[in-house]
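Each chain is listed here by its residues.
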Amino acid sequence: MAKVFNVSGACRPSKHYMVDLKPRLKKTRVMIEAGEYFTINKARQYGKTTLLRALADDLQDGYIVISLDFQKMSSMDFAGESAFVNGLAREVNGAIKNTSGVPEETRESLQKLAGVKDGTVRLADLFECFSEWCSVSEKPVVLMIDEVDTAADNQVFLDFLAQLRAYYLYSDVTPTFQSVILASLYDIRNVKRKIRSEKEHKTNSPWNIAADFLVDMSFSKSDIAGMLNEYDNDYHIHMDINEISSLLYDYTSGYPYLVSRLCKFLDERIAGNGRFKDRKDAWTKAGFLDAVKLLINEMNPLYQSLKGKLEDYPELRTVLYELLFTGKPIPYSAMNDYIEMAAMFGFVKNENGTAVVSNRIFETVLYNWFMSEEYVDSKIYEAGLQEKNQFVTGGHLNIRRVLEKFVESFHYLYGDQNETFLEDVGRRYFMLFLKPIINGVGNSYVEAETRNRERMDLVIDYHGERFIIEMKVWRGNAYNERGENQLVNYLNYFGLNKGYMVSFDFNKKKEIGVKDVVIGDKLLIEAVV
């Protein structure tokens, strides 16, 4: 059976194209050998379960591994201490059913704890069983629990963490697990935030023993290239692996689900469909951009999770909105609850001390979502929608005409508004005007490093053509010349000879319109609004 790109559940080397996990396993094993207790808390669909399964296999030579998944436990198992002991003993016994080297006395004790239904067993009884097992085991025992979020709303789970902590602290006198690994979306050290709202309960001291897990689980460009090389060897496509792996990384920043989803689209939905007759045609830049459009426009479980979190936490939504549209620099501070939460969910990352959206795909999805909420009442969106047919000729997007019509529409609709209004909404309104024009054919994104209150570079991909538009606030001729030079440098980076500028000028005596500016071998088409 041929391998596939997997986006549902854990990846298996025999069935799925995967990145090489050996470097990650090696680093994680060092922590286990050092006797560390730690959490693997990463965003949804970031490869936590895949790593745990691979780790369990990797440790078989020197350890007894108890690999659990709290999703297998029901709500009744968390109804109280005794019920939790019953359920956990049952799951542990099932996990080690085919594991050699487990003392028969341990199996019998676990069976007994799972079978006592009169409410008399306690966590202390379970941990005494674990300790006796660890004291006689020929191999160190490692406990791994996936999806611990399932238990995060239960006080009995906190009591369980407290017991783990106590045994860890006294491991020099009381035998216990060599290592404990908990995997979840939420950092277990913050789990009390989900249980109690009082400020004094925002941190979870029972798990303050956890070591930092610094293993990078995102895919590097070389990781992606290795996975594509295996695929290419299977199908003999002879794709440009360097180009495709670079594109995948540039758009996703190595977010595992997004990388695999794009690859799955290229393999299963782009190849043999429309203008891409086979895999060789699909695994090109043009095919990749079509896959990006599919990914941006679908509603998948990851986006549903993202949307749900922003609806649950309006303040977090406000932070992302300001970050994307206003250019307001937001310092990255782990002490800020909403920045910490956004990072924990995978929405933002720390880049040189500033919070930025994690990847280009998320940026585009968020832009589209935020702007879609304004479509119904947006006059500038309606203007772009009504005029959209005049901007495409022979499949080519006429950006100059887009700028001319935007200047005309914006001045007509908002020319009498005050300066503060214009500065706050100008660039966002250009994106609203552009959206119906390129919708369904092209996509656009903002270069994160240029996003600030004074300038923002918008990149448009349309039918394989790329257009660079610098949107900026007018700050005088000297500043404008610097902006022109910056745009020229950006065009050199992309290998383009033509660029575009939209300047929002609040001077009442401004001269609006579109003109050509030639700098060296570059043609800049500048619009003043």
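Coordinates for the structure precede this section.
In this report, we go over the structure that sits alongside the text.

Rules used throughout
Residue positions are given per chain, counting from 1 as you read along its sequence in written order. Totals for whole chains, interfaces and linings use every residue, but because this is a predicted model, local features are given only for residues with pLDDT of at least 70 and side-chain atom pairs only at 80 or more, for both listing and counting. Computation of side-chain values covers all heavy atoms of the structure but excludes hydrogens and water. Comment: elements are numbered from the N terminus, with helices defined as DSSP H or I runs of at least four residues and strands as E runs of at least two. Exposure classes here rest on a 1.4 Å probe applied to the protein chains alone. A residue is buried below 20% of its type maximum, exposed above 50%, and partly exposed in between. We call two residues contacting when some pair of their heavy atoms lies within 4.5 Å. In short, Shrake-Rupley with a 1.4 Å probe defines the accessible areas, and a residue's cover is counted only from the protein chains shown. Following DSSP output, two strands are said to pair if at least two bridges run between them. Helix axes are fitted only over the stretch in contact, all axes being lines through C-alpha atoms; the angle between N-to-C directions runs from 0 to 180 degrees. Positive charge is attributed to Lys and Arg, negative charge to Asp and Glu, and no charge count is given to His or to the chain ends. Any Lys or Arg side-chain nitrogen located within 4 Å of an Asp or Glu carboxyl oxygen qualifies as a salt bridge. Here the expected length of a helix is defined as 1.5 Å per residue gap, with one fewer gap than residues. Each Phe, Tyr or Trp ring (for Trp, its six-membered ring) is paired with any other whose centre lies within 6.5 Å, and the angle between the two planes then decides the class: stacked below 30 degrees, edge-to-face above 60, tilted in between. Patches draw on residues past 30% relative accessible area with no salt bridge. Two like charges within 9 Å are joined, as are two nonpolar side chains (Val, Leu, Ile, Met, Phe, Trp, Tyr) within 5 Å.

This next bit is on the overall build of the protein chain. Each helix and strand in the protein chain was counted, giving 20 helices and 14 strands. The dimensions of the protein chain, computed from C-alpha atoms along their principal axes, are 85 × 55 × 35 Å. In the protein chain, buried positions account for 54% of the 529 residues. Relative to all contacts within the protein chain whose residues are 6 or more apart in sequence, the contacts with residues 24 or more apart total 69%. Per element, the accessible surface of the protein chain, about 24000 Å² overall, is 46% carbon and sulfur.

One open sheet accounts for 4 strands, arranged E1-E4-E3-E2; its pairing is parallel. Unpaired on one side and paired on the other, strand E1 (37-41) and strand E2 (64-69) mark the two borders of the sheet. Averaged over all pairs of adjacent strands, the angle between strand axes in this sheet comes to 15°, irrespective of strand direction. Note that E2 and strand E3 (residues 141-146) share 6 bridges and pair parallel. Across the sheet, the residue bridging to Leu 68 is Ile 145, located in E3. The sheet contacts of helix H1 (residues 22-33) involve E1, E3 and strand E4 (179-184), and relative to E1 the element is tilted by about 150°. The strands touched by helix H6 (residues 155-169) are E1, E3 and E4; relative to E3, the strand with the most contacts, the crossing angle is about 155°.

This part takes up the environment of Val 121. Of note, Val 121 is situated in the loop between helix H4 (104-115) and helix H5 (123-136). Placed 89 residues apart in sequence, Val 121 and Ala 210 show a C-alpha to C-alpha distance of 27 Å. Residues within four places of Val 121 in sequence aside, it is in contact with Ser 82, Val 85, Asn 86, Leu 113 and Val 116.

Looking now at the side chain of Asp 146. Summarising the element assignment, Asp 146 is placed in strand E3. Buried within the structure, Asp 146 lacks any salt-bridge partner; Lys 48 is the closest side chain of opposite charge, at an N-O distance of 6.5 Å. Beyond its immediate stretch of four places on either side in the chain, Asp 146 contacts Thr 49, Leu 52, Leu 68, Asp 69, Phe 70 and Ala 183.

For the rest of this paragraph, the subject is the environment of Phe 494. As for its placement among the helices and strands, Phe 494 is situated in helix H20 (residues 477-494). In the structure, Phe 494 is positioned 333 residues away from Leu 161 in sequence and 52 Å away in space, judged by C-alpha atoms.

For H6, spanning 15 residues, the distance from its first C-alpha to its last is 21 Å, which sits close to the expected 21 Å at 1.5 Å a residue. The complete set of buried residues in H6 reads Val 156, Phe 157, Leu 158, Phe 160, Leu 161, Leu 164 and Tyr 167.

The next point concerns the packing of aromatic side chains. Given two aromatic rings, one states the distance between the centres and the angle between the planes to describe the pair. Applying the stated criterion across every chain, the model contains 36 aromatic pairs. Aromatic side chains Phe 130 and Phe 177 sit 5.1 Å apart centroid to centroid with 55° between the ring planes, which places their arrangement in the tilted category. With Phe 130 in helix H5 and Phe 177 in the loop between H6 and E4, this residue pair connects regions lying 47 residues apart in the sequence. Both rings, one in Trp 369 and one in Phe 370, keep their centres 5.5 Å apart while their planes meet at 25°; by these two values the pair is stacked.

Counting through the fold element by element, Ser 444 comes out in strand E9 (residues 442-446). In this structure Ser 444 comes out as buried when scored by relative accessible area, which is 17%. Once residues within four sequence positions are removed from consideration, Ser 444 is found in contact with Thr 364, Ile 438, Leu 458, Val 459 and Ile 460.

A word on a nonpolar patch on the surface. Together, Leu 169, Tyr 170 and Val 173 make up an exposed nonpolar region whose accessible area comes to about 330 Å². Residue position: Leu 169 is located in helix H6. Looking at Leu 169, the relative accessible area reads 43%, which means it is partly exposed.

As a further point, take unusual backbone geometry. Despite not being glycine, Ser 253 has its phi angle at roughly 55°, a positive value. Not every positive phi belongs to a glycine, and Asn 352 is a case in point at roughly 55°. Of note, Asn 352 is situated in the loop between strand E5 (348-351) and strand E6 (354-357).

For the structure on display, the rule yields 21 salt bridges. For Asp 77, the salt bridge goes to Arg 90, with nearest N and O atoms at 2.9 Å. With Asp 77 in the loop between E2 and helix H3 (81-95) and Arg 90 in helix H3, this pair connects stretches of sequence that are 13 residues apart. For Asp 77, a relative accessible area of 9% translates into the label buried. With a relative accessible area of 36%, Arg 90 lands in the partly exposed category.

Now for the pairing of strand E11 (residues 465-473). Among the 9 residues in E11, 8 count as buried, and that is most of the element. Pairing geometry for E11 and strand E12 (residues 498-504), over 5 bridges, is parallel. Its bridge partner lying in E12, Ile 469 is registered against Tyr 500.

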